[in-house]
Amino acid sequence: MSAVMVEVGGIGHVGHIGERGDISDTAPMRGGDEPNATVLRAVRALADGALAELADDIDRRAIYPKAILLRLGELGAFGLHLGLNGRTPDYAAAIRAIAEASRVCGATGFMMWCHDVCGVYMEQSGNPALTGDALAHHAAALTLGATGMSNPMKTFAGIETLLLKARPVAGGFVVNGALPWVSNLGPDHYFGAVAVVEAEAGTPAEAAPREVMFLVHCNGQGVELRHCPTFSAMEGTNTFAVRMTDHFVSADRLIADPVRPFIGRIRAAFILLQCGMGLGVAQGAIDTMWAVERQLGHVNQFLEDRPDELQAELDALAERIDALARTPYANDTEFLIDVLDARAHASELSLRAAQSALLHQGARGYLMSSAVQRRVRESHFVAIVTPAIKHLRKEIARLSAEVTPA
Ligand SMILES: Cc1cc2nc3c(=O)[nH]c(=O)nc-3n(C[C@H](O)[C@H](O)[C@H](O)COP(=O)(O)OP(=O)(O)OC[C@H]3O[C@@H](n4cnc5c(N)ncnc54)[C@H](O)[C@@H]3O)c2cc1C
């Protein structure tokens with residue numbers, strides 16, 4: 001019997017269904033300049049090899065894939081979007097790298113985003129102590145970073161209030177408070193956070209609050225990591241609650257002051273990079289539908305969201321995200337609405353694709369050990385991690401009202 005040729009990858013993954021219905025690569029990675037395409041091929045090989053073997057342990061047995069993250073750093077996966085050594089930042093390639101990992105393991109794709117976006121905070125801070133060697137080490141994963149920005153992002157969207165408080169002192173700030181969830185942490189890791197500065201005596205009550213953004217080192221004095229309850233997936237993401245008690249933040253850790261203009265500038269980059277998680281989880285789900293096509297296609301043809309339909313939608317979305325990723329620091333309102341909408345579409349598509357993969361695979365996909373089962377839970381995470389679908393829709397509604405006033 002001849003092999004059936006099918007496109008199985010809008011993120012550059014072209015494969016075919018062989019005699020046993022399995023999928024194998026036949027074509028090189030699409031897009032990117034040649035050095036970046038080489039990085040992406042290496043990321044794919046790592047994902048299909050060592051990462052695929054670990055994915056179940058990462059999901060359920062809380063194995064933190066530190067060696068994988070370090071290897072991704074060696075391969076150059078964390079420097080793609082940073083303009084280091086005179087290289088042109090390539091956000092589309094960085095998103096595809098996250099998608100390549102997420103296709104195999106959503107948790108690892110998420111941690112890549114955590115580290116990548118922390119690199120954005122450092123680079124865009126303009127603080128000499130956070131750029132230069134510190135950023136080069138970060139890009140190579142010689143040091144590992146994360147992000148505690150869900151609470152500020154929700155605060156700036158009017159959903160929450162800031163959980164960290166800062167008091168100005170000589171040479172910096174003293175910070176108190178707790179963040180409920182920060183992933184990709186370890187004793188020698190660091191993450192970006194925001195605190196509201198206590199108003200000085202005499203400040204008018206109606207004055208806008210001052211906020212500062214800074215890097216917290218997990219081994220800093222007054223920083224305590226507390227274990228979180230068990231999650232339904234992503235157990236190996238080293239996600240902790242972080243309590244800060246009189247934690248001193250020196251000026252060389254400052255990322256932004258004031259914070260809101262800085263967030264306005266990096267917001268699209270922050271959200272665009274996250275799209276890699278949704279694209280990858282959706283691609284992994286589609287791949288598993290093709291895997292049972294030879295055996296179950298005769299009955300699966302009666303399902304909705306068939307793999308060819310989902311693939312066409314995913315390919316179109318990946319191209320749209322590629323185009324948006326050419327100007328990650330644009331911040332006009334219509335561009336931002338487009339970015340928020342693309343991110344929401346990536347979440348919705350990964351939910352639909354994961355659900356449809358389960359219906360296509362049937363009982364084998366319902367086994368706890370099945371990647372199909374895991375991917376359903378990963379797609380839920382893509383949909384609830386900040387900005388969650390509900391948060392994205394709230395922001396789209398607010399920004400749309402700005403451009404089309406009633
Ligand atoms: C596995 C995992 C990893 C995460 N990693 C990060 C990270 O690296 N960085 C980061 O900044 N954020 C992280 N988050 C938080 C995430 O981005 C979202 O903010 C969170 O999932 C809730 O978002 P939501 O918009 O759905 O809010 P909702 O769940 O609707 O929350 C609304 C309010 O309820 C509170 N709330 C919700 N659940 C509980 C609970 N069990 N106990 C007490 N209060 C609760 C919230 O704090 C919030 O004030 C992580 C969350 C999870 C589950």
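This text follows the structure it describes.
This write-up is about the structure you can find in this document. (Residues numbered from 1 in each chain as written. Predicted model: local features only at pLDDT ≥ 70, side-chain atom pairs only at ≥ 80, totals over all residues. Heavy atoms only, no water.)

**Things to note about the pairing of strand 6 (residues 172-182)**
Stage number 1. Here strand 5 (residues 164-169) pairs with strand 6 via six bridges, running antiparallel. Bridged to Ala166 within strand 6 is Val175.
Stage number 2. Counting the residues between successive antiparallel strands, the hairpin from strand 5 to strand 6 contains two residues, one of them, Gly171, with a positive phi of roughly 80°.
Stage number 3. Taken together, the eight bridges between strand 6 and strand 10 (residues 240-250) define a ladder with antiparallel strand orientation. Considered in strand 10, the bridge of Leu179 is made with Val242. (Pairing = 2+ DSSP bridges. Helix = DSSP H or I, 4+ residues; strand = E, 2+ residues; numbered from the N terminus.)

**Observations regarding the packing of aromatic side chains**
Stage number 1. Across all of its chains, the model carries four aromatic pairs by this definition.
Stage number 2. Ring geometry for Phe110 versus Phe381: centroids 4.7 Å apart, planes at 70°, classification edge-to-face. With Phe110 in helix 4 (residues 106-125) and Phe381 in helix 12 (residues 371-384), this residue pair connects regions lying 271 residues apart in the sequence.
Stage number 3. Taken together, a centroid distance of 5.1 Å and an interplanar angle of 90° make the contact between Trp113 and Phe270 edge-to-face. Of this pair, Trp113 sits in helix 4 while Phe270 is found in helix 7 (residues 260-291), placing the two residues 157 residues apart along the sequence.
Stage number 4. Residue Trp113 is classed as buried on the basis of its relative accessible area of 3%.
Stage number 5. Of the aromatic side chains, those joined through ring pairs into one cluster are Phe110, Trp113, Phe270 and Phe381. (Phe/Tyr/Trp six-rings, centres within 6.5 Å; stacked < 30°, edge-to-face > 60°. Buried < 20%, exposed > 50% of the residue type's maximum accessible area, 1.4 Å probe, protein only.)

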